[in-house]
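Observations on the three-dimensional arrangement
Chain by chain, the residues run as shown.
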Amino acid sequence: MTSGASSGCADRREDLRMAEPIKITIYRWAGQKWGFRIDSECVECELAVAQVRGLLTAHPDWPVELEVKPWLNHLWDSLRHGGWHAPVVLVDGRLVRQG
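Here is a short report on the structure shown in this document.

Here we come to the side chain of threonine 25. Positionally, threonine 25 belongs in strand β1 (residues 22–28). Among residues more than four places away in sequence, those in contact with threonine 25 are Glu67, Lys69, Val88, Val89 and Leu90.

Below is the structure:
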């Protein structure tokens, strides 16, 4: 390698800083709609949120935007993406996990 060439790893780091943030949306078991209210706990939801937050804390240089929403309040958004069972995890609008 010549002295004028750059490493691929450094180029990728620069691309990460300049890229638009990746949007992760988690719909957790919570909320209220049509007179129904969710009062119960969801261990799976808490774990999903904790895993994503832990990953983002470990990698603060990653361009990621995290949004946590109550599933019942945003029922139609969740269903539109195929998320029938909380926790529903979307990455840039694509379903990657549910239940």
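The subject of this paragraph is the packing of aromatic side chains. Applying the stated criterion across every chain yields a total of two aromatic pairs. Considering the side-chain rings of tryptophan 34 and tryptophan 76, the 5.8 Å spacing of their centres and the 65 degrees angle between planes classify their relative orientation as edge-to-face. Within this pair, whereas tryptophan 34 is found in the loop between β2 (32–33) and β3 (36–37), its partner tryptophan 76 is found in helix α3 (residues 75–80), the two being separated by 42 residues in sequence. The exposure classification of tryptophan 34 matches that of tryptophan 76, with both residues exposed. Above the face of the tryptophan 34 ring, lysine 33 is positioned so that its terminal group lies 5.5 Å from the ring centre.

Glancing now at a nonpolar patch on the surface. On the surface, Ile22, Val91 and Val96 cluster together into a nonpolar patch covering about 210 Å² of accessible area. Considering the arrangement of structural elements, one finds valine 96 in strand β6 (residues 94–98).

In this section: the side chain of serine 78. Tracing the backbone through its elements, the reader meets serine 78 in helix α3. Judged by relative accessible area, which is 0%, serine 78 ranks as buried. Once residues lying within four places of it in the same chain are set aside, the contact partners of serine 78 are Tyr27, Trp71, Gly83 and Val88.

Mapped onto the secondary structure, glutamate 41 falls in the loop between β3 and α2 (43–58). Sequence-wise, glutamate 41 and alanine 30 are 11 residues apart; in three dimensions their C-alpha atoms are separated by 8.1 Å.

Definitions and cut-offs
Residues numbered from 1 in each chain as written. Predicted model: local features only at pLDDT ≥ 70, side-chain atom pairs only at ≥ 80, totals over all residues. Heavy atoms only, no water. Helix = DSSP H or I, 4+ residues; strand = E, 2+ residues; numbered from the N terminus. Contact = heavy atoms within 4.5 Å. Phe/Tyr/Trp six-rings, centres within 6.5 Å; stacked < 30°, edge-to-face > 60°. Buried < 20%, exposed > 50% of the residue type's maximum accessible area, 1.4 Å probe, protein only. Lys NZ or Arg CZ within 6 Å of the ring centre and 35° of its normal. Patch = residues over 30% accessible without salt bridge, like charges linked within 9 Å, V, L, I, M, F, W, Y side chains within 5 Å. Areas by Shrake-Rupley, 256 points an atom, 1.4 Å probe, with all protein chains shown as cover. Salt bridge = Lys/Arg side-chain N within 4 Å of Asp/Glu carboxyl O.

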